[in-house]
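Understanding the architecture of this molecule
The primary structure of each chain is shown beneath.
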Amino acid sequence: MTETTTATTPATTEPESENVKALTRNWAPPIAYTVLGLFALVVFGILADSATATFGLSTRSDAIQLDPLAVPSKLTSIVLAVGCLLAAAYAFWLTGKARKQPLWLPILFGLLFVMSFLVWAVAGAAISLTGLLQGALALAVPFIFGALCGMVGERSGVINIAIDGQLLFGAFLSGVVASLAGNLWLGLIAAPIAGVMVAWLLAVFTIKYFVNQIIVGVVLNVLVYGVTNFLYGSLLAPEQDTWNSPGKFGKLEIPLLSDIPVIGPVLFNQTIIVYVMYVVVALVHVALFHTRWGLRVRAVGEHPEAADTAGIDVNSVRFRNVLIGGAIAGFGGAFFTLAQQGIFNKEMTAGAGFIALAAMIMGRWTPIGAVFAALLIGFADNLQSVLGIIGFPIPSELMAMTPYLLTILAVAGLVGKIRPPAANGVPYIKS
Amino acid sequence: MKLELRGITKRFGSLVANDHIDLVIEPGEIHCLLGENGAGKSTMMNLIYGLLEPDEGEIFVDDKPLKCNSPSDAMAAGIGMVHQHFMLVPVFTVAENVMLGAEPVRNGGLLDLDAARKRVRQISERFGFDVDPDAVVETLPVGVQQRVEIIKALVRDARVLILDEPTAVLTPQETDELIEIMRQLKANGTSIVFITHKLREVRAVADRITVLRLGKIVGEADPSASEAELASMMVGRSVTLAVDKEPPKTGDVVLDVQGLTVVDERDQVVVDDVSFDVRAGEVLAIAGVQGNGQTEVTEAILGLQSKATGSVRLDGKELIGRSVRQVLRSGVGFVPEDRKVDGLVGDFSVADNLVLDLHDQPPFASGPIFKPAAVQSNATERIAEFDIRTGSAATPAKTLSGGNQQKVVIARELSRPLRLLIAAQPTRGLDVGSIEFVHKRIIAERDKGTAVLIVSTELDEVNALADRVLVMYRGKVVGIVPGDTDRDVLGLMMAGVPPQEADKQAEEHPTLIEHAEALLTKQDEDQK
């Protein structure tokens, strides 16, 4: 090197000035935490009557029986709400120092808040915690499959709004094939094929013909609703025995693991579809972050020109990924017919594909994050039906809104900055 | 490796970007490709690299025809390229970027990051690059990012390395370091194609020079050719870059900026506690390498940056917190950096573009009614006054040449009474004639008593226009110096060296380019 290089070394970076701190501080999270924490303290604690809330920890068939947990509702809610406020105070302190919020903070806050609410809601009654979690997982399964589908596409830069259509078509075809063949396994094979069919249309129009990705996605959803509704009305409903009686998979209990208290029966007494889901989550995680394929996919989604100049065919990576996503979502769709209902119903996904999209965003485009987000939404969803059963005073319609409210709050950045893949939704057109 | 182009032609619609190009790159030479913006240099390199396909002609590597349909073909043939806009994934680490496309794997398909790190370190040590393989690219200074690009090419055994405008983003001192790297590579037997429009660099480093104009090769030159000769080959006529101007007659402070701080959407500090003032009747130029916060300063003054604090006063009135419209109405004219994106509505006619910020004001509107006749007569006047070469006032602005588009923007901004004119990169990508015109209008506006703030990355332009020069580095003001400050001193300041120290260092160590120039001048004299 020449002598001049020594001269160009810049001054070491100084600590940030007050001006900069003032601009980079985001007061929204601590304020939100405080408001929610105070709400919990007053409504769930101070204003509430004292009673006993009972949580069942075992089901009758469990090998290890635990006594139900009974707690004084008022005191417990107050303690938990104070915990919320402490988390809020910590958030304030961090923001004041212009430091980053750790990821565990919103998770901890969320847990404390939900528990405080739960103790208040269950006061004077009893619910089964295991049952609550089982239901939450059951609701979360399609969200997880859908979120993985969206993620595989968006990590490569293609927005997939048609997840719901892919889930629904998977549900439809798996049910029909299983009924006609009289074989559930054939239905399970048909499901990903159905998803791929819808995904192929999305890929052709968005990647080959550069049609707006959102528009194609919306149109495909409507197309699948229309086709399945028509066939349901003309075939599946009138000739149900032939066309729409697939039956469903039984639950497989995994020895030892299913004996773990509370979570054992939740996680390890499930249908084959759920076990496959565990595998798919792990596979997508490893593939995305630790393989050649994943590195290329992420490069294509972040900076397609860079990938192109490194000799990667951007549009074929995208095409392939949309199809892989379709297979995942289609397979997930089989959960509705072959695991849950044992029969195909009109529009039975009920918008699960859109919630899946939200779970993917909340989970910041990572498989693990998406799983937690999907579980949270599933939990909130299940909670409202459980509380409805024990005669909870708040109308269930209002309670049913919570997952969506949570999603909006999360996406609005209250739990930290969310940064999508840089080239997400941008078609790659070579000159 | 010998690289040869025979009769290469590339057309984009009616535009012939490359017209029957014949070019030979000999093994182990530094071959400069010189030409103005838009001369077809980048098109040619994209053809070699397989990013574009030629309409006619063939490329030969060691006298064998190269079938090059994609960058991977080019890389396989030993051609590497460092693009003008870096082809690096910002959120990836250096190692991940280097391995992309040729990833080492182990254990049945898992990425072998250790192997990638090792390769980066090897090359880094061999050429003294000092690059940390685990650094995330977006956190690195541009000079280092460029080295990552070079490592990327070297990892793939590139024997011809194409550098597309590599110095556009570098300080003069970083340019020196790059020149040193180029020489090392050459000593290693790598051929280098060095694309640029900066004459000084060419003369310092080239073994051979090929000059391109309007898609054609107009000649070859020897590095000993004078700057004036090269310039006239490049633009097709003799040029003078100096602007005739009187010493400024400065008045009161018009723009007073105190403690201006801006953070971007990722909460990165882009402008850090910047203070300066501009007086009536003077030109203050903000110099600095691209991306050191200059653009953000101008945008903050105009109200385009939402996260800005500090104080910006125009004639004592605070501008921070006001809307862009209010700022414009208070007498600020703004020539944005990217005229195609921020300066014009491409599909609108020239006439409409000339009243973009006045369309709701008399005489162009009364109440909600728009008055096309007034717009039309205004357009006719401006087109004549600013010599805008356009088919008619109804021609869409996007079909005009770059120089004429810029004239439309400047005509619009100067067509109302101004207190302050802000012009960011006012002559980027313009032909020499338009540059002269734009410079003259800016000085004329200054002489009318307007305060003028210029942002430029070209030292030639800074020298030509500025009464005072403010140098920015990493969002901070390095110093404010007189307009006639020596280039070397400005160059060092652009690398963050404070003015007094820069003075001293410039005396002790003239830059490589200065050194080469001194030698060449001496040779010239000896020959005479």
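So, here is what we can say about the structure in this document. (Residues numbered from 1 in each chain as written. Chains lettered and ligands numbered in written order. Predicted model: local features only at pLDDT ≥ 70, side-chain atom pairs only at ≥ 80, totals over all residues. Heavy atoms only, no water.)

With that settled, consider the sheet that holds strand E4 (residues 56-61) of chain B. All names here are of chain B. Spatial ordering of the open sheet is given by E2-E1-E4-E5, a layout of four strands whose pairing is antiparallel. The sheet terminates laterally at strand E2 (15-25) and strand E5 (64-65), the two strands that pair on one side only. In the sheet, strand E1 (residues 3-12) pairs with E4 via five bridges, with the strands oriented antiparallel. The residue of E4 that forms the bridge with Leu-5 is Ile-59. Where helix H1 (residues 41-48) meets the sheet, its contacts fall on E1, E2 and E4, and the angle it forms with E1 comes to roughly 115°. (Pairing = 2+ DSSP bridges. Helix = DSSP H or I, 4+ residues; strand = E, 2+ residues; numbered from the N terminus. Contact = heavy atoms within 4.5 Å. Axes fitted to C-alpha atoms, helices over the stretch in contact; angles between N-to-C directions.)

Attention now moves to the pattern of salt bridges. All names here are of chain B. Enumeration over the complete set of coordinates arrives at 36 salt bridges over all chains. Note that Arg-468 is salt-bridged to Glu-282, the shortest N-O span being 2.7 Å. On the criterion of sequence distance, the pair formed by Arg-468 in strand E23 (residues 468-473) and Glu-282 in the loop between strand E14 (269-279) and strand E15 (283-287) is long-range, its members being 186 residues apart. Arg-468 sits in the partly exposed class, given a relative accessible area of 23%. Asp-387 serves as the salt-bridge partner of Arg-389, at 3.0 Å between the closest nitrogen and oxygen. Looking at Arg-389, the relative accessible area reads 56%, which means it is exposed. Ionic contacts of the salt-bridge type, sharing partners, join the residues Arg-106, Asp-112, Asp-114, Arg-117 and Asp-134 into one network. (Salt bridge = Lys/Arg side-chain N within 4 Å of Asp/Glu carboxyl O. Buried < 20%, exposed > 50% of the residue type's maximum accessible area, 1.4 Å probe, protein only.)

Turning next to the sheet that holds strand E3 (residues 126-128) of chain A. Residue and element names in this part refer to chain A. Taking strand neighbours across the sheet as the criterion, the three strands line up as E2-E1-E3 in an open arrangement whose pairing is mixed. Two strands close off the open sheet at either side, each with one partner strand: strand E2 (69-72) and E3. Strand-to-strand twist in this sheet, taken as the mean axis angle between neighbours without regard to direction, amounts to 20°. Of the pairings in the sheet, the one linking strand E1 (residues 52-56) to E2 comprises four bridges and is antiparallel in character. Each residue of the ladder has a partner; that of Phe-55, found in E2, is Leu-69. Where helix H5 (residues 104-122) meets the sheet, its contacts fall on E1, E2 and E3, and the angle it forms with E1 comes to roughly 110°.

Let us look at the pairing of strand E12 (residues 216-221) of chain B. For a regular strand, side-chain orientation follows a simple rule: the groups alternate between the two sheet faces. All names here are of chain B. Strand direction decides the pairing type here: strand E11 (residues 208-213) and E12, joined by five bridges, are antiparallel. Within E12, the position partnered with Ile-209 by the bridge is Ala-221. From the end of E11 to the start of E12, which pair antiparallel, there are two residues, and Leu-214 there has a positive phi angle of about 50°.

Here we come to the packing of aromatic side chains. This structure, assessed with the given rule, holds 19 aromatic pairs over all chains. Three or more aromatic residues link up through ring pairs in this structure, and these residues are Tyr33(A), Phe39(A), Phe44(A), Phe109(A), Phe113(A), Phe117(A) and Trp120(A). Lys407(B) extends its terminal NZ or CZ atom over the ring of Phe437(B), reaching a point 4.9 Å from the ring centre. Directly above the ring of Phe386(B) sits Arg441(B), whose terminal nitrogen or CZ lies 4.1 Å from the centroid. (Phe/Tyr/Trp six-rings, centres within 6.5 Å; stacked < 30°, edge-to-face > 60°. Lys NZ or Arg CZ within 6 Å of the ring centre and 35° of its normal.)

All right, on to unusual backbone geometry then. Trans peptide bonds make up most of the peptide bonds, and negative phi angles are found at most residues other than glycine. Residue and element names in this part refer to chain B. The step from Pro-362 to Pro-363 runs through a cis peptide bond, and the omega angle for that step is 5°. Within the fold, Pro-363 resides in the loop between helix H12 (350-353) and strand E19 (365-366). Positive phi values are uncommon outside glycine, yet Asp-130 reaches one of about 60°. Structurally, Asp-130 is set in the loop between helix H4 (113-126) and helix H5 (142-155). Here Asp-387, not a glycine, exhibits a phi torsion of approximately 55°, which is positive. Along the polypeptide, Asp-387 turns up in the loop between helix H13 (372-385) and helix H14 (402-413).

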